[in-house]
Amino acid sequence: MLGVVSLAAPGEDAAFRAAAERLVTTVRPGTPVTDRAAAGALAGAWRRQESNMSSTGGYVSEEGWDLAADGTFVHWTTTTVSLPGAAVEPTRTRNTGRWEVIGGALVVTAADGRITLPLRRQGREVYIAGSRFLKR
């Protein structure tokens, strides 16, 4: 929400109000600006892995973000479950599209829509939507 507060002599109030109204009516939504420096630092292959094994089975979950310098991305996941005496097929997902960094967030656009993911970078680590990834 945008508003204007002005202090003026009582006789000038109408003129200030008219000027403020003219100003507010000229405001238009801006075009988001891509942070090219942050995007350049983020480009690359980012990976995370999680696993849990016990005598009754286990799983390995892997996820990757391949963020190309040309603004394209591949996001993939693979989960493998191991159960004694059972054959379980791994589950895999793959999504592709375009990416950019806007306002400190990772914005990805794919065939199924556009999403803004929280992003925090620390050296060789990056947190995308709260998950920790390491640069490969």
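Residues numbered from 1 in each chain as written. Predicted model: local features only at pLDDT ≥ 70, side-chain atom pairs only at ≥ 80, totals over all residues. Heavy atoms only, no water.

Student: Any details on the nonpolar core? Residues and values, ideally.
Tutor: Grouped together as the largest cluster of nonpolar side chains are 16 residues, with contacts concentrated most on Leu 42, Trp 65, Trp 99 and Leu 106. Contributions of two or more residues to this core are made by α2 (36-42), β2 (57-67), β4 (91-102), β5 (105-110) and β7 (125-128). For this core, the element with the highest residue contribution is β5, accounting for three residues. (Core = buried A, V, L, I, M, F, W, Y, C linked by side-chain atoms within 4.5 Å. Buried < 20%, exposed > 50% of the residue type's maximum accessible area, 1.4 Å probe, protein only. Helix = DSSP H or I, 4+ residues; strand = E, 2+ residues; numbered from the N terminus.)

Student: Run through the pattern of salt bridges, naming residues and quoting values.
Tutor: All chains considered together, the criterion is met by five salt bridges. The shortest N-O distance in the salt bridge between Glu 50 and Arg 48 comes to 3.5 Å. Residue classification places Arg 48 among the partly exposed residues on the basis of a relative accessible area of 22%. Between Arg 48 and Glu 63 there is a salt bridge, with its nearest N and O atoms 2.7 Å apart. With Arg 48 in strand β1 (residues 44-54) and Glu 63 in strand β2, this residue pair connects regions lying 15 residues apart in the sequence. Glu 63 sits in the buried class, given a relative accessible area of 13%. (Salt bridge = Lys/Arg side-chain N within 4 Å of Asp/Glu carboxyl O.)

Student: How would you explain the sheet that holds β5 if you had to name every residue and give the values?
Tutor: Sheet architecture is closed into a barrel: eight strands sit in the order β1-β2-β3-β4-β5-β6-β7-β8, paired in antiparallel fashion. Strand after strand, the sheet turns through a mean of 30° between neighbouring axes, direction not considered. Bridge analysis of β2 against strand β3 (residues 72-82) gives 10 bridges, and the strand direction is antiparallel. Looking at the pairing, Tyr 59 lines up with Val 81 of β3. (Pairing = 2+ DSSP bridges. Axes fitted to C-alpha atoms, helices over the stretch in contact; angles between N-to-C directions.)

Student: Can you tell me about unusual backbone geometry, naming the residues and giving the values?
Tutor: Comment: phi is negative for the bulk of residues other than glycine, and the bulk of peptide bonds are trans. In this structure, Ala 129 takes a positive phi of about 55° despite not being glycine. As for its placement among the helices and strands, Ala 129 is situated in the loop between β7 and β8 (131-135).

Student: Give me a nonpolar patch on the surface: which residues, what numbers.
Tutor: On the surface, Val 81, Leu 83 and Val 88 cluster together to form a nonpolar patch covering roughly 200 Å² of accessible area. Among the secondary structure elements, Val 81 is positioned in strand β3. A residue is classified by how much of its surface remains accessible, and Val 81, at 32% relative accessible area, is partly exposed. (Patch = residues over 30% accessible without salt bridge, like charges linked within 9 Å, V, L, I, M, F, W, Y side chains within 5 Å. Areas by Shrake-Rupley, 256 points an atom, 1.4 Å probe, with all protein chains shown as cover.)

Student: I'd like to hear about the side chain of Arg 47, residue by residue, with values.
Tutor: When you line up the elements, Arg 47 lands in strand β1. Within polar-contact distance, the side chain of Arg 47 engages the side chain of Asp 66 at 2.8 Å. (Polar contact = N/O pair within 3.5 Å; in protein donor to acceptor, adjacent residues only side chain to side chain.)

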